[in-house]
Amino acid sequence: MTDTVLRSADRASARSADRRPHGHRSTAAVWRKRAEIALFVTPALALLVAFVVVPIATAVQMSLYRWKGFGPMVDFVGLRNYVSVLTNEVFTDAVVHNLVIVVGSILLQLPLGLAIALLLNRKMWGQGLLRTIIFVPYVLAEVIAGVVWFQLLQPEYGVIDTMLAAVGLHGPEQGFLGTPEYALWTVLVVLTWKYLGLAVILFLAGLQGVPEELYEAAQLDGATWWQVQRRITIPLLGPTMRTWGFLSMIGSLQLFDMVWILTGGGPANATTTMATFLVNEGTKRQNFGIAGAASVVLFVVALVLALAYQRFVLRRDTQEADQ
């Protein structure tokens, strides 16, 4: 009886001894994993804080003061800068211009990009060269592309006006960029040329994920080319198109460089965007409080539209990914 009790106690002690090192090893592994995560995440968080959080906080602080950029910010005005921005006709027009560019970019680039992607997805001679030509404008620096188009669109001696004159037509007297009625639409055409390549490349990448078996089955069933695209290709390309639409929307809301180079926001504020407005107020008029308020409004508008897009457009994609 005593021997049995002693053997049971020994086995219990052995099990306890075996358990203890495993527990220590498990705890050490957990802390090592946490340390690895912290090591890799900390640089990214530091960059996020330095280049996103701090600038946003600084803009919010600046927007509450009347400040010309020199000395400390002491003239606190509260929300007056926001009232000035939201009641400024130039800024409200800039918001409209941004929204026009958002809608116009999607309406122009989506069908054009899809059509070109479907064409380039078929086997043809010079396929790689054509893809490169389509994508080159996107990788060009905005400054280079803007300067080139600025020269092309010059009245009288520009290439565009020269070509129109060769066929008996005449452009606006002040040029397409100098006439308020045409300036915004001209900028939209240049933006379409510049960023169409991104849509084409994304759509081509999405087309690679469409199984060939579906096309073969549709052909065996006697489906026409258009029926195949409408019933198979476009629905399966939906997530890619919605993702591109999100990128296009955010880029259009933040549009600055191309407009600044082509028109500077003119003529008569016909092409002013929210970004060019705040830069004008800050660098030319030294109204850094107004510029800060405009930047906060731009951030809020972009955030609201992004959340709405996520909620109503991308929701199906995220739900399918979770399932």
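That block above? That's the structure.
The shown structure was predicted, so the numbers you read here are calculated from the model rather than taken from an experiment.

Participant: Let's hear about helix α3 (residues 89–120): which residues, and what values?
Facilitator: End to end, α3 covers 45 Å across 32 residues, agreeing with the expected 46 Å (1.5 Å per residue, within 8%). Along α3, the sharpest change in direction is near 25° and occurs at glutamine 109; proline proline 111 comes one to four residues later. Taking the backbone nitrogen of valine 90 as reference, a side-chain oxygen 2.8 Å away marks asparagine 88 as the first, capping residue of α3.

Participant: I'd like to hear about the packing of helix α9 (residues 225–236) against helix α10 (residues 238–253), residue by residue, with values.
Facilitator: Contact geometry for α9 and α10: axes closest at 4 Å, N-to-C directions at 50°. It follows that α9 is oblique to α10 by the angle criterion. Each of Ile234, Pro235 and Leu236 in α9 lies in contact with α10, whose residues at this interface are Gly238, Pro239 and Met241. In terms of residue class, the contact of α9 with α10 is built from five nonpolar, one polar and no charged.

Participant: With reference to specific residues and values, describe the packing of aromatic side chains.
Facilitator: Taken as a whole and judged by the stated rule, the model has ten aromatic pairs. Ring geometry for phenylalanine 135 versus tyrosine 138: centroids 5.5 Å apart, planes at 40°, classification tilted. Of the two residues, phenylalanine 135 and tyrosine 138 both sit in helix α4 (residues 127–139), three residues apart, roughly one turn of that helix. For phenylalanine 135, a relative accessible area of 25% gives the class partly exposed. The interplanar angle of 70° and the centroid separation of 5.6 Å between the aromatic rings of tryptophan 149 and tryptophan 193 together place this pair among those described as edge-to-face.

Participant: Talk me through the nonpolar core; I want residue IDs and the actual numbers.
Facilitator: Val85, Phe91, Met249, Leu253, Met274 and Ala294 are the most contacted members of the largest nonpolar core, which has 23 residues in total. Put simply, the parts of the chain that give this core at least two residues each are α2 (80–86), α3, α10, α12 (274–284) and α13 (288–312). Discounting chain neighbours no more than four positions away, the residues touching methionine 274 are Phe91, Ala94, Val95, Asn98, Leu253, Leu298 and Val301. Core analysis: the second largest hydrophobic core is formed by 15 residues, Leu184, Val190, Met258 and Val259 among them.

About the cut-offs
Residues numbered from 1 in each chain as written. Predicted model: local features only at pLDDT ≥ 70, side-chain atom pairs only at ≥ 80, totals over all residues. Heavy atoms only, no water. Helix = DSSP H or I, 4+ residues; strand = E, 2+ residues; numbered from the N terminus. Expected span 1.5 Å × (residues − 1). Bend = angle between axes of the 7 residues up to and from the residue. Polar contact = N/O pair within 3.5 Å; in protein donor to acceptor, adjacent residues only side chain to side chain. Axes fitted to C-alpha atoms, helices over the stretch in contact; angles between N-to-C directions. Parallel < 35°, antiparallel > 145°, perpendicular 65-115°, else oblique. Contact = heavy atoms within 4.5 Å. Nonpolar A, V, L, I, M, F, W, Y, C, P; charged D, E, K, R; others polar. Phe/Tyr/Trp six-rings, centres within 6.5 Å; stacked < 30°, edge-to-face > 60°. Buried < 20%, exposed > 50% of the residue type's maximum accessible area, 1.4 Å probe, protein only. Core = buried A, V, L, I, M, F, W, Y, C linked by side-chain atoms within 4.5 Å.

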